Amino acid sequence: MFLLSACHHDEDSSEDEIEAERTVLVYVAAENNLSSFADDDLTEMMEGSKQLNNRQQLIVYVDKAGTSPPFLARIKNGLYVDSVSMEESQTSDPAVLEKIISQTKQKYPAKSYGLVLWGHASGWLISEDSIAYAKSRAYGGDTGTGSSSGSGKTWMNIPSMARAIKNAMGDNKLKFIFGDCCNLASIEVAYELRNQTEYFIGSPAEIPDNGAPYDLLIPDMFKTSEDFGKLMIDDYYQYYVKEYKDNPRVFYNQDYGDLDGYSVPLSVIKTFELSELASATTQILSAISDKLTPDGLLDLVNITYYGYYGSRFAYDMMQVLKHNASDTDFASWKTAYDKAVPYSRYSKRWLTVYRQIYTAMDSFGDSEDVCCSVSMFFPQQIYRSTYPCWNETIKQYQWNSVIQWERYGW
């Protein structure tokens, strides 16, 4: 009913003659237990759209739990325009993502494009595409039944996502991909998508169900200056600093209590610089090779970790290398890192559904000078029992073509 009452046809034909500066597609994968939060975020997007001009095109693809079919629409001046009902499908299907990006690009051409991934995610973790729910999965979380019960049964692996975006965009890169979902800011994910986007923006940790404050972030996404990513994560970060402090009974972490100091770790990754960072990471790993073998003793004590699925799988990349490499080797690596990650915000505490993370936060040993809000996976013996085996599935990423965990005996 809301969709029908909010839609109208845009009759300003003169707009078609103006070349758009940027088109941003928000891909809302909400056929899961996040469905109730989609409406609030769409309302925020409507509010944020009031600050856009005719050359800034905000497009949403929405697939929510319930009986309404998915739809593709533009949000302009606080309203849906050009809304089109789409056939029932699964947002976790890479073919659907490819189709929606292609259709958006064709209908709303622009000089540059942005993509927002809204929904569930679990970083680089990988399994067979679109299979029944398992602990290893990446993005999407589609129940496939229109139900809002559970986080989803089918998922899209990141390598499949990269291929879908490449097929849809052709020789054009996206200006940015913003992952408004959990654990997506891992070096493996960013490197996999480096040829599809100029910037990758997101959090290595869990994010609150409410997600980004889109009324604040939408105008940032259309800035033409190269600091637009910084503006996005500053607004995101500062919003939750205030929200958590002001609403400890709304936002709580395992136990009710003071949320002062909580926010969302976030980073901006410049993909053009990732090749140099990959090379520098290979060099620093070679220097600590004795610690990386199956029998090695990589120091992970009190190291910040962002993801947990039966085991820890996403450690703070910078903190691990700082604690295990020499000062000289680390300084050389950090020069490459600073180019690839021009801006980040670290929060030592964030909301998590995992008590293992919640109780470990007080022992995370370092400040934001050492923690980079970008995660990385390090193979370990304990992962031999994961299904599928993480020590093996990590090798499906292009990052491994440079790092080559095989050389350390994995």
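Residues numbered from 1 in each chain as written. Predicted model: local features only at pLDDT ≥ 70, side-chain atom pairs only at ≥ 80, totals over all residues. Heavy atoms only, no water.

*Asks:* Got a sec to walk through the packing of helix α6 (residues 214-221) against helix α7 (residues 228-246)? Specific residues and values, please.
*Replies:* Put simply, α6 and α7 touch, their axes get as near as 8 Å, and they point 170° apart. When the axis of α6 is compared with that of α7, the two are roughly antiparallel. Facing L216, L217, D220 and M221 of α6, the residues of α7 in contact are F228, L231, M232, D235, Y236 and Y239. For the contact of α6 with α7, the per-class residue count stands at eight nonpolar, no polar and two charged. (Axes fitted to C-alpha atoms, helices over the stretch in contact; angles between N-to-C directions. Helix = DSSP H or I, 4+ residues; strand = E, 2+ residues; numbered from the N terminus. Parallel < 35°, antiparallel > 145°, perpendicular 65-115°, else oblique. Contact = heavy atoms within 4.5 Å. Nonpolar A, V, L, I, M, F, W, Y, C, P; charged D, E, K, R; others polar.)

*Asks:* So what about the pattern of salt bridges? Which residues, and what values?
*Replies:* Per the stated rule, a full pass over the model turns up 14 salt bridges. A salt bridge links E226 to K175; its shortest N-O distance comes to 3.0 Å. Separated by 51 residues along the polypeptide, E226 in the loop between α6 and α7 and K175 in strand β10 (residues 174-180) bring together distant segments of the chain. Residue class for E226 comes out partly exposed when judged on its relative accessible area of 44%. (Salt bridge = Lys/Arg side-chain N within 4 Å of Asp/Glu carboxyl O. Buried < 20%, exposed > 50% of the residue type's maximum accessible area, 1.4 Å probe, protein only.)

*Asks:* Please set out the pairing of strand β11 (residues 197-202) residue by residue, giving values where relevant.
*Replies:* When you tally the buried positions in β11, you get five out of six residues, the bulk of the element. As paired strands, β10 and β11 are joined by five bridges and run parallel to one another. What sits directly across from F176, in β11, is Y199. Handedness of the β-α-β unit built from β10, helix α5 (residues 187-192) and β11 comes out right-handed. (Pairing = 2+ DSSP bridges. Right-handed = clockwise from strand over helix to strand, strands pointing away.)

*Asks:* Kindly report on the pairing of strand β6 (residues 110-118), identifying the contributing residues and their values.
*Replies:* Burial analysis of β6 places eight of its nine residues in the buried class, the great majority of the element. Of the strand pairs in this sheet, strand β2 (residues 20-30) and β6 are connected by eight bridges, and their pairing is parallel. By the bridge assignment, V26 is partnered in β6 with V116.

*Asks:* Kindly report on the environment of E19, identifying the contributing residues and their values.
*Replies:* Mapped onto the elements, E19 comes out in the loop between β1 (7-8) and β2. Spatially, the C-alpha atoms of E19 and A110 are 6.3 Å apart, while their sequence positions differ by 91 residues.

*Asks:* Kindly report on the confidence of the model for the chain, identifying the contributing residues and their values.
*Replies:* Looking at the chain, the pLDDT average stands at 89 and 90% of residues meet or exceed 70. In the model, residues 1-15 has pLDDT below 50 throughout and makes 22 contacts with residues more than four positions away in sequence or in other chains. Contacts of residues 130-136 to residues separated by more than four positions or lying in other chains number 19 contacts, the stretch itself having pLDDT below 50. (pLDDT = per-residue confidence, 0-100.)

*Asks:* Can you tell me about helix α8 (residues 274-287), naming the residues and giving the values?
*Replies:* With 14 residues, α8 extends 20 Å from end C-alpha to end C-alpha; this agrees with the ideal 20 Å at 1.5 Å per step. Buried residues of α8: L274, L277, A278, A280, T281, T282, I284 and L285, and no others. (Expected span 1.5 Å × (residues − 1).)

*Asks:* How would you explain the sheet that holds strand β16 (residues 375-376) if you had to name every residue and give the values?
*Replies:* Strand pairing in a sheet relies on backbone hydrogen bonds, with the paired strands running either antiparallel or parallel. Pairing within the open sheet is antiparallel, and its three strands lie in the order β13-β14-β16. The strands lining the two open edges of the sheet, one partner per strand, are β13 (305-308) and β16. As judged from the three bridges shared by β13 and strand β14 (residues 312-316), these two strands associate in the antiparallel manner. Residue pairing across strands places Y308 opposite R312, the latter belonging to β14. Each of β14 and β16 is contacted by helix α10 (residues 317-324), which is oriented at about 75° to β14, the strand it contacts most.

*Asks:* So what about the state of the cysteines? Which residues, and what values?
*Replies:* One covalent bond between the sulfur atoms of two cysteine residues makes up a disulfide. Per the stated rule, a full pass over the model turns up zero disulfides. C182 takes part in no disulfide bond, and the closest cysteine sulfur, belonging to C181, lies 7.3 Å away. Relative accessible area serves as the criterion here: at 16%, C182 is assigned to the buried category. (Disulfide = S-S within 2.5 Å.)

*Asks:* Explain the nonpolar core to me, using residue names and the numbers behind them.
*Replies:* Of all hydrophobic cores here, the largest spans 93 residues; its most connected members are I165, L285, M317, W333 and W405. Counting residues per element, this core draws most heavily on helix α4 (residues 158-169), at seven residues. (Core = buried A, V, L, I, M, F, W, Y, C linked by side-chain atoms within 4.5 Å.)

*Asks:* Describe the environment of N324, naming the residues involved and giving the relevant values.
*Replies:* For N324, the position within the fold is in helix α10. On the basis of relative accessibility, which here comes to 5%, the residue N324 falls in the buried class. Spatially, the C-alpha atoms of N324 and L298 are 7.0 Å apart, while their sequence positions differ by 26 residues. A distance of 2.8 Å separates a polar side-chain atom of N324 from the backbone nitrogen of D299. A polar side-chain atom of N324 sits 2.8 Å from the main-chain carbonyl oxygen of V320. (Polar contact = N/O pair within 3.5 Å; in protein donor to acceptor, adjacent residues only side chain to side chain.)

*Asks:* Requested: an account of unusual backbone geometry, with residues and values cited.
*Replies:* In the segment running from Y387 into P388, the intervening peptide bond is cis, with an omega of -10°. One can find P388 in the loop between β16 and α13 (390-393). Positioned with a positive phi, S373 is a non-glycine residue whose angle comes to about 60°. Note on placement: S373 falls in the loop between α12 (355-360) and β16. A positive phi is found at Q404, a non-glycine position, where the angle reads about 55°. Along the chain, the position of Q404 falls in the segment after α14 (398-403).

*Asks:* Account for the environment of T281, naming residues and giving values.
*Replies:* Turning to its location among the elements, T281 is positioned in helix α8. Taking the C-alpha atoms as reference, T281 lies 9.8 Å from S332; in sequence the two are 51 residues apart. Once residues within four sequence positions are removed from consideration, T281 is found in contact with M317, W333, M376, W399 and I403.

*Asks:* Summarise α4; cite the residues concerned and give the values.
*Replies:* Counted at 1.5 Å a residue, the expected span for α4 with its twelve residues is 16 Å, and the 16 Å between its end C-alpha atoms agrees. Taking burial as the measure, the twelve residues of α4 include nine buried ones, the bulk of the element. Listed in full, the buried residues belonging to α4 are I158, P159, S160, M161, A162, A164, I165, A168 and M169. Directly after α4, the chain includes G170, whose backbone phi takes a positive value near 65°.

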